Amino acid sequence: MAKSAILKSSIAKKVAMALSGLFLIMFLSLHFFVNFISVFSADTYNAMSHFMGYNPLIQFVMQPILIAGVVFHFVMGFVLELKNRNARPIAYAKYDGASNASWASRNMIISGLVVLAFLGLHMYDFWLHEIMHKYVEVNAIDPTRYYGELIAKFESPVRTGLYSVAFVLLALHLWHGFTSSLQSVGFDSKIGKSLHKICYAFAIIVPFGFIFIALFHHFNN
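What you are looking at is a predicted structure, and each value in this text was computed from that prediction instead of being measured.

Trainee: Explanation requested: the side chain of Lys134 in the structure shown.
Mentor: Along the chain, Lys134 falls in helix α5 (residues 108-136). Sequence-distant contacts of Lys134, that is, excluding residues within four places in its chain, are made with Gly53, Tyr54, Gln59 and Arg145.

Trainee: Looking at this structure, how should I read the confidence of the model for the chain?
Mentor: Caution is warranted with low-pLDDT regions, since their predicted coordinates should not be read in detail. With 83% of its residues at a pLDDT of 70 or more, the chain has an overall mean of 81. Averaged pLDDT values over the elements of the chain bottom out at 58 in helix α8 (residues 188-191) and peak at 93 in helix α2 (residues 42-54). In this model, residues 91-95 is a region of pLDDT below 50 whose contacts with residues beyond four sequence positions or in other chains number 1 contact.

Trainee: Looking at this model, I keep getting lost on helix α6 (residues 146-153). Mind explaining?
Mentor: Every α-helix carries 3.6 residues per turn, so stepping three or four residues along brings you back to the same face. Those residues of α6 lying buried are Tyr146, Tyr147, Leu150 and Ile151. One face of α6 carries all of its buried residues, which in axial projection span an arc of 125 degrees.

Trainee: Looking at this structure, I do not really get the environment of Arg159. What am I missing?
Mentor: Relative to the elements of secondary structure, Arg159 occurs in helix α7 (residues 157-184). Note: C-alpha distance between Arg159 and His218 (59 residues apart in sequence) is 9.9 Å.

Trainee: Please clarify how the pattern of salt bridges should be interpreted in this entry.
Mentor: A side chain with one charge may pair with a side chain of the opposite charge, provided their charged atoms come close. Under the definition given, this model contains 3 salt bridges. One salt bridge in this structure joins Glu130 and Lys134, with 3.7 Å as the shortest N-O distance. Highlighted residues: Glu130 and Lys134, both in helix α5, separated by 4 residues, approximately one helical turn. Judged by relative accessible area, which is 13%, Glu130 ranks as buried. Across the pair Glu149 and Arg145 runs a salt bridge whose closest N-O atoms are separated by 3.0 Å. Judged by relative accessible area, which is 21%, Glu149 ranks as partly exposed.

Calculation criteria
Residues numbered from 1 in each chain as written. Predicted model: local features only at pLDDT ≥ 70, side-chain atom pairs only at ≥ 80, totals over all residues. Heavy atoms only, no water. Helix = DSSP H or I, 4+ residues; strand = E, 2+ residues; numbered from the N terminus. Contact = heavy atoms within 4.5 Å. pLDDT = per-residue confidence, 0-100. Buried < 20%, exposed > 50% of the residue type's maximum accessible area, 1.4 Å probe, protein only. Arc of directions from axis to C-beta. Salt bridge = Lys/Arg side-chain N within 4 Å of Asp/Glu carboxyl O.

Pasting the structure below:
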């Protein structure tokens, strides 16, 4: 009974981890779409950013849920990683993991830590700036300010480079994490290889799309 309860608890944690990851992937997709618009139209980007920045549902419901989801996902990731390491037999130290698993799958904790650090910088750059602008400094509403603020962030080659490196590691994190999340919630067995291809395509297109956005604004503004 005790082993059964432990197994159920472990499965429940993996499912919770997977669901939080899939939720963050949905947010990432929306975030990518809005930012990609900035490459084509400053006015449209401003309009979309202004709507999201002053919509009460997004600001006071979705945003706190998003922050909670980020915290939960990374905390649960650390918990599961520690549990897995403690559960490994000593002989596993001699096991050649590189021959049976990808770098991404064996180093999720490393790529996750880098992504978490990047999220901290991103929150400092955009979310904290937005809070200060609207609620601390109490500036007048300006629906045209967002595009200028965005491209200003990519003037520095150092910041643009760090941003790009972070998204390369996000791609590696998604390469394993997306398919693993779907396996944990039971979708993988129903769809199989076609679903894997979609996940791998997402893991490449979206992170490198963000890199393209950063480089585009760095070299064109």
